[in-house]
Each structure stands twice: as C-alpha cells, then as structure tokens.
Amino acid sequence: MENKTNQIIQNATSEIEKAKTKQELFEINTHYLGKNGQVSLLMQELKNCSKEDRPRLGAILNECREKVDTLLKEKIKKLEDEELEQKLNAEKVDVTIPVKPIPFGINHPITIIQNLLTDFFVKRGFTVKFGTDIETDYYCFEALNVPKNHPARDAQDTFYINEETVLRTHTSATQIHTLEQQKPPIKMVSTGSTYRADEIDSTHSPFFHQLEILVVDEKVSMTDLKGIIEELAKFLFGDKTQIRLRPSYFPFTEPSAEVDATCTQCGGKGCSLCKGTGWIELLGCGMVNPKILENHGIDTNKYAGYAVGLGLERIAMLRYGISDLREFYENDVNFLKQFK
Ligand code: DAH
C-alpha cells in the first residue's frame, strides 16, 4: 500500500508539473481523487487489510490524497497568477505616450460678442437681466408706448403666435419687466434673440440678436448716455473711434438718437463699407420717455433714465469684417472655427 501511494504521489507530481491548463489539472484530479480515481480505489482495498493495519494505512492514504490535492491547488493558483500577469501585461498603458488633442468646441461669434459686451457693462456696475423670446403685445409694444397703428405692430413685420402673443421684435421688452421688478437706481443689461418678419439677405434675417441697457437714477442726463456709448465704441473698435448722435425717433425715448461711429474700415475717410460717408450706424438710444417711468410709479421730478439698443450681428460684422449676415446662421465649421 505504501509503495502504491508513493507511486501515486510521484506520478501525480510529475503530471501536475507538466500540466499547462486548468482542464488538464481537472482531468488529473479526476484520475487520482475522483470517485473512481486511484486513491479512491485504494480506499476500497482497505477493507481487505487486517484490522490492525487499517488505521495506519488509512492515514497514509489520507496523506496521499491531501498531498495530491495540495499540489493540484498550488498549480491551479500558479496558472491563474500567470494568466492574470499576461492579461495585465497585455493591457499595460504607456502613460508617457503624448495624448491625442481633444477637439474643443468654441463659442459662436455672436456669443463671443454677447459675452464681451455683457462683460463691458457688468464691469461698470450693470446687472444682467434675462428676457424671453415669446412676449405679449403689452411688453413688446403697448408698455413701450408704441401706438396701435405703428408699422412694427403689423403682421407684416412681426411674428404673431396669436393676437396677444409675439416673438419679440426687440430686447426693449426687458426694460418693462425690469421696471416692474425694480425700483431706481436701475442699471441693467440684457441680451438675447429677437425676431422680425424680414426676408433673408446679406443684411437682414428674421432671427437676430440684440443688447439692451436701461439706466434709471437721479441726475441722469444725455451726457451720461453719450459718455458710456463713446466708451463702448472705443472699447469695440479702438481708442481713435469717434461717435456722433443723430436725432431720431423711438416711441419709448424722448429725445431719441441714432449713434454712428467713425468707419471701422477707413477710420472716417470714406470707403465702400461706409458708402463714402466715413460713418457707420451703430445703435439706437435716448432718454427714457417719462410716460413709461411714470406708468411704473417713478417720480420723474427726481429720476430720469436712458436706454440703448443695439444689434449684436452688426457689431460682430464690423469687428470681424464680415460682409454677409447669413454666414452667422449657416454653421459652416470653416467659418466658425476662425473665431478662437
Ligand atoms: N428697440 C429698438 C430697435 O429694435 C432699438 C432701441 C432704440 C432700443 C432706442 C433702445 C433705445 O433702448 O433707447 O430698433
């Protein structure tokens, strides 16, 4: 019996050593330790041995079983470790390889101008207000003193959602929301999308963007208005830029003005961009019509206000030298990626 178990251990040891897969080890396990395996067969032979020998031989057999079992387990562990090692080596990441550049998105030129101008006003103490694209006739026209028969209120010029609701034609509607929500002193800036029933061409689009500012405070005058616009024009187009105010008419301001800046292309000498005049139209502005302030409970003996509205596309076109408005909406990546 001892010889047989020694033989089994010897054979099993060499077979286990040679085994290269878990499947082979499984088969070795069955061959020696399985139900009909060699060790089990010897166990069955025990009953033919003498009673005195049985405990000793039983112990030898158990030892043999344990030895083979241990050898098998050790080898399985070894194979698994090797397998893991191989897997880790195969998946190794070389952290020193330079990364491929990740393409970052960039802001649309209108967004760039929007941020630039908002920043300009925020740095001067203005608070940012958000309006909505969909407005009622009241906020877009009525409360801004735009008379019922004004062409801007015509279905030809404005997108009506229903009789009372429109896509806002200008950001001026935000002035009214601000006046409803705040008491003077007021200094607000607001930008956003605006809509008009225009045909698309190189200078018109049914969808565009505006910026609005409203200031209401004591001792506010036309001089303050002119001062901030001049500062804005120099900020946008350089220190040499000059401005001029032309009398104009807006129902929500009195007096009203349109502001020109010296041509961004020729500096005022006259060129094709400014049609030889040396001036480029920049924005509309004026002193807030006292009727609007009074409608919101503001004492016009004490307070006055000024407001400005400008088109962001126009500013972007002048600043970047873009001649066709449609470029902004065609989403040609080659056009857009220039504005990094
Ligand atoms: N809302 C006017 C427009 O869309 C622009 C404008 C003019 C805004 C004068 C103002 C202003 O705040 O004072 O044409």
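See the structure shown above.
Values in this document were obtained by computation on a predicted structure and should not be read as measured data. Each chain carries its own residue numbering, running from 1 in the direction its sequence is written. Where local features are concerned, this predicted model is filtered to residues with pLDDT of at least 70; where side-chain atom pairs are given and counted, the filter is 80 or more; whole-chain, interface and lining totals use all residues. Remark: hydrogens and water are excluded; side-chain values derive from all non-hydrogen atoms of the structure.

Caption draft 1: Geometry of the overall build of the protein chain. Counting secondary structure elements, the protein chain contains 11 helices and 9 strands. With the radius of gyration taken over C-alpha atoms, the globule rule is written as 2.2 Å times the number of residues to the power 0.38. Here the C-alpha radius of gyration of the protein chain, 43 Å, is well above what a compact globule of 340 residues would show, namely 20 Å. C-alpha atoms of the protein chain, sized along the principal axes, occupy 130 × 45 × 40 Å. Residue burial is assigned from relative accessible area. The probe radius is 1.4 Å, only protein chains are included, and a residue is buried under 20% of its type maximum, exposed over 50%, and partly exposed in between. Residues counted as buried form 40% of the 340 residues belonging to the protein chain. Within the protein chain, contacts between residues separated by at least 24 positions form 64% of all contacts whose residues are at least 6 apart in sequence. Accessible area for the protein chain stands at about 20,100 Å²; split by element, carbon and sulfur atoms hold 52% of it. Placing the 42 positive and 50 negative side-chain charges of the protein chain at their respective mean positions leaves the two points 6 Å apart. Helix and strand definitions follow DSSP, with helices as H or I runs of at least four residues and strands as E runs of at least two, each counted in order from the N terminus. Throughout, a residue-residue contact means that at least one pair of heavy atoms, one from each residue, lies within 4.5 Å. Each accessible area is a Shrake-Rupley result for a 1.4 Å probe, and residues are judged covered by the shown protein chains and nothing else. Charged residues are defined narrowly, with Lys and Arg counted positive, Asp and Glu counted negative, and His plus the chain ends left uncounted. Charge positions come from single atoms, namely NZ of Lys, CZ of Arg, CG of Asp or CD of Glu.

Caption draft 2: Quick look at the packing of helix 1 (residues 2–18) against helix 2 (residues 22–33). Comment: axis = line fitted to C-alpha atoms, over the contacting stretch for helices; angle = value between 0 and 180 degrees taken between N-to-C directions. Two numbers describe how helix 1 lies on helix 2: the axes approach to 10 Å, and their chain directions differ by 170°. By the angle between their axes, helix 1 is roughly antiparallel relative to helix 2. Between helix 1 and helix 2, the contacting residues are Ile8, Asn11, Ala12, Glu15, Ile16 and Lys18 on the first element and Glu24, Leu25, Ile28 and Tyr32 on the second. Orientation is classified from the angle alone, with under 35 degrees giving roughly parallel, over 145 giving roughly antiparallel, 65 to 115 giving roughly perpendicular, and any other angle giving oblique.

Caption draft 3: Representation of the site of the ligand within the structure. Throughout, the term near means that a residue has one or more heavy atoms lying within 4 Å of the molecule or strand in question. Around the ligand there are 15 residues in total, and His170, Ser172, Arg196, Gln210 and Glu212 lie nearest to it. Any N or O atom pair separated by 3.5 Å or less is treated as a polar contact, with the protein-specific requirement of one donor-capable and one acceptor-capable atom, and with residues adjacent in sequence counted only for side-chain atom pairs. Here an oxygen atom of the ligand sits 3.1 Å away from a polar atom, N or O, in the side chain of glutamine 175. In this structure, glutamine 210 approaches the ligand through a side-chain N or O atom, which is 3.0 Å from an oxygen atom. Calculation on the ligand without its partners gives an accessible area of 360 Å², and the protein chains cover 89% of this total. Going through the elements one at a time, strand 5 (207–218), strand 8 (279–288) and strand 9 (303–311) are the ones with two or more residues in the shell around the ligand. Each residue is assigned to one class: nonpolar for Ala, Val, Leu, Ile, Met, Phe, Trp, Tyr, Cys and Pro, charged for Asp, Glu, Lys and Arg, and polar for all the others, Gly among them. In terms of residue class, the shell around the ligand is made up of 5 nonpolar, 8 polar and 2 charged.

Caption draft 4: Examining the pairing of strand 5 more closely. Of all 12 residues in strand 5, 9 are buried, a share of seventy percent or more. Here 10 bridges tie strand 4 (residues 186–195) to strand 5, and the two strands are oriented antiparallel to one another. By the bridge assignment, lysine 187 is partnered in strand 5 with valine 215. One bridge is not enough; two strands pair if DSSP finds at least two bridges between them. The pairing of strand 5 with strand 9 spans 9 bridges and is classified as antiparallel. When the sheet's bridge partners are listed, glutamine 210 is paired in strand 9 with glycine 311.

Caption draft 5: Here's a closer look at helix 2. With 12 residues, helix 2 extends 16 Å from end C-alpha to end C-alpha; this agrees with the ideal 16 Å at 1.5 Å per step. When helix 2 is considered as a whole, its buried residues turn out to be Leu25, Ile28, Tyr32 and Leu33. In an axial view of helix 2, the angular spread of the buried residues amounts to 90°, which keeps them on one side of the axis. Lining the buried residues of helix 2 we find helix 1, helix 3 (38–45) and helix 4 (54–90). Residue count minus one, scaled by 1.5 Å, sets the expected span of a helix. Of all possible arcs, the one meant is that of the directions from the helix axis to the C-beta atoms.

Caption draft 6: View of the side chain of glutamate 212. If you trace the backbone, glutamate 212 turns up in strand 5. By salt bridge we mean one thing: a side-chain nitrogen of Lys or Arg within 4 Å of a carboxyl oxygen of Asp or Glu. There is no salt bridge for the buried glutamate 212, and the closest opposite charge comes from arginine 168, which lies 7.9 Å off by N-O distance. A distance of 2.8 Å separates a polar atom in the side chain of glutamate 212 from a polar atom in the side chain of threonine 171. There is a polar contact of 2.7 Å between the side chain of glutamate 212 and the side chain of glutamine 175. The residues touching glutamate 212, leaving out its near neighbours within four places in the chain, are Thr171, Ser172, Gln175, Met188, Val189, Ser190, Val308 and Gly309.

Caption draft 7: Molecular detail of the packing of aromatic side chains. Within 6.5 Å between ring centres, the rings of Phe, Tyr and Trp (the latter by its six-membered ring) count as paired, and their orientation is classed by plane angle as stacked under 30 degrees, edge-to-face over 60, tilted in between. Evaluation of the coordinates by the stated rule reveals 11 aromatic pairs. Where phenylalanine 121 meets phenylalanine 126, the ring centres are 5.1 Å apart and the plane angle is 65°; that geometry is what we call edge-to-face. For the pair phenylalanine 121 and phenylalanine 126, one class covers both residues: buried. Taken together, the ring pairs connect Tyr195, Phe207, Tyr320, Phe328, Tyr329, Phe335 and Phe339 into an aromatic cluster. Here, a charge over a ring is recorded when the distance from Lys NZ or Arg CZ to the ring centre is within 6 Å and its angle to the ring normal is within 35 degrees. A cation sits over an aromatic face here: arginine 124 above phenylalanine 120, 3.7 Å from the ring centre.

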